[in-house]
Amino acid sequence: MPLVAGVDSSTQSCKVVVRDAETGALIGTIRDLSAGGVAIVWVEHVIRALTQVATRLVCLADGRVLAEGPPSEVLDDPAVRRAYFGRGVL
């Protein structure tokens, strides 16, 4: 039976001073779960955290999928960059 764990915006509540330590601990836990065969569905706004562990991203905006695939491809997608980083980034 497949195992799935859901994680929702878990790094948002970390205080700025401890964010790196707490995020690092969370990433370690997610890596351990994934290595043990657990699929992870992680909703997150801290892109840096996702890119450290994700093998596939699905980027949503206004209730629709903007892009999906390997993190590097999704983050380079012009629609994703406009929606999340603003027009001045392109």
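Let me begin by describing the structure that accompanies this report. (Residues numbered from 1 in each chain as written. Predicted model: local features only at pLDDT ≥ 70, side-chain atom pairs only at ≥ 80, totals over all residues. Heavy atoms only, no water.)

### Things to note about the layout of surface pockets
Next, step 1: Looking at the largest pocket, its volume works out to about 760 Å³.
Next, step 2: As for the largest pocket, its lining consists of 26 residues, and the residues nearest its centre are Trp 42, Leu 50, Arg 56, Leu 57 and Val 58.
Next, step 3: Of all the elements in the fold, those that place two or more residues in the lining of the largest pocket are helix H1 (19-35), strand E2 (38-43), helix H2 (47-53), strand E3 (57-61), helix H3 (71-76) and helix H4 (78-85).
Next, step 4: With 6 residues, the top contributor of residues to the lining of the largest pocket is E2. (1 Å grid on protein atoms, 1.4 Å probe; cavity = no way out; pocket = protein on both sides within 12 Å on 5 of 7 lines; lining within 4 Å. Points joined across faces, edges and corners; volume = space filled by probe spheres on them. Helix = DSSP H or I, 4+ residues; strand = E, 2+ residues; numbered from the N terminus.)

### Structural notes on a nonpolar patch on the surface
Next, step 1: A cluster of nonpolar residues, Val 58, Leu 60, Val 65, Tyr 84 and Phe 85, forms a patch on the protein surface that exposes about 430 Å² of accessible area.
Next, step 2: Secondary structure elements with two or more residues in the nonpolar patch: E3 and H4.
Next, step 3: By the secondary structure assignment, Val 58 is in strand E3. (Patch = residues over 30% accessible without salt bridge, like charges linked within 9 Å, V, L, I, M, F, W, Y side chains within 5 Å. Areas by Shrake-Rupley, 256 points an atom, 1.4 Å probe, with all protein chains shown as cover. Salt bridge = Lys/Arg side-chain N within 4 Å of Asp/Glu carboxyl O.)

### A look at the nonpolar core
Next, step 1: Core analysis: the biggest nonpolar cluster contains 15 residues, and Trp 42, Ala 49, Leu 57, Cys 59, Leu 66, Val 74 and Val 80 have the highest contact counts within it.
Next, step 2: Contributions of two or more residues to this core are made by H1, H2, E3, strand E4 (64-69) and H3.
Next, step 3: A per-element tally of this core places E3 first, with 3 residues.
Next, step 4: Leaving out residues up to four positions away in the same chain, Val 80 has contacts with Cys 59, Leu 66, Ala 67, Val 74 and Phe 85. (Core = buried A, V, L, I, M, F, W, Y, C linked by side-chain atoms within 4.5 Å. Buried < 20%, exposed > 50% of the residue type's maximum accessible area, 1.4 Å probe, protein only. Contact = heavy atoms within 4.5 Å.)

### Re the pairing of E3
Next, step 1: Burial of E3 is one-sided: the residues Leu 57, Cys 59 and Ala 61 facing one way are buried, the residues Val 58 and Leu 60 facing the other way are not.
Next, step 2: Relative to E4, E3 is paired through 5 bridges, and the arrangement is antiparallel. For Leu 60, the partnering residue across the bridge sits in E4 and is Val 65.
Next, step 3: Here E3 folds back onto E4 in antiparallel fashion, the turn holding 2 residues, of which Asp 62 has a positive phi close to 55°. (Pairing = 2+ DSSP bridges.)

### Thoughts on the pattern of salt bridges
Next, step 1: Under the definition given, this model contains 1 salt bridge.
Next, step 2: The partner of Arg 56 in a salt bridge is Glu 68, and the shortest N-O contact between them spans 2.2 Å. Note that Arg 56 is positioned in the loop between H2 and E3 and Glu 68 in strand E4, a separation of 12 residues in sequence.
Next, step 3: On the basis of relative accessibility, which here comes to 48%, the residue Glu 68 falls in the partly exposed class.

### Concerning unusual backbone geometry
Next, step 1: Although it is not a glycine, Asp 62 adopts a positive phi angle of roughly 55°.
Next, step 2: Position of Asp 62 relative to the elements: it lies in the loop between E3 and E4.

Just geometry here; none of it tells us what the structure is for.
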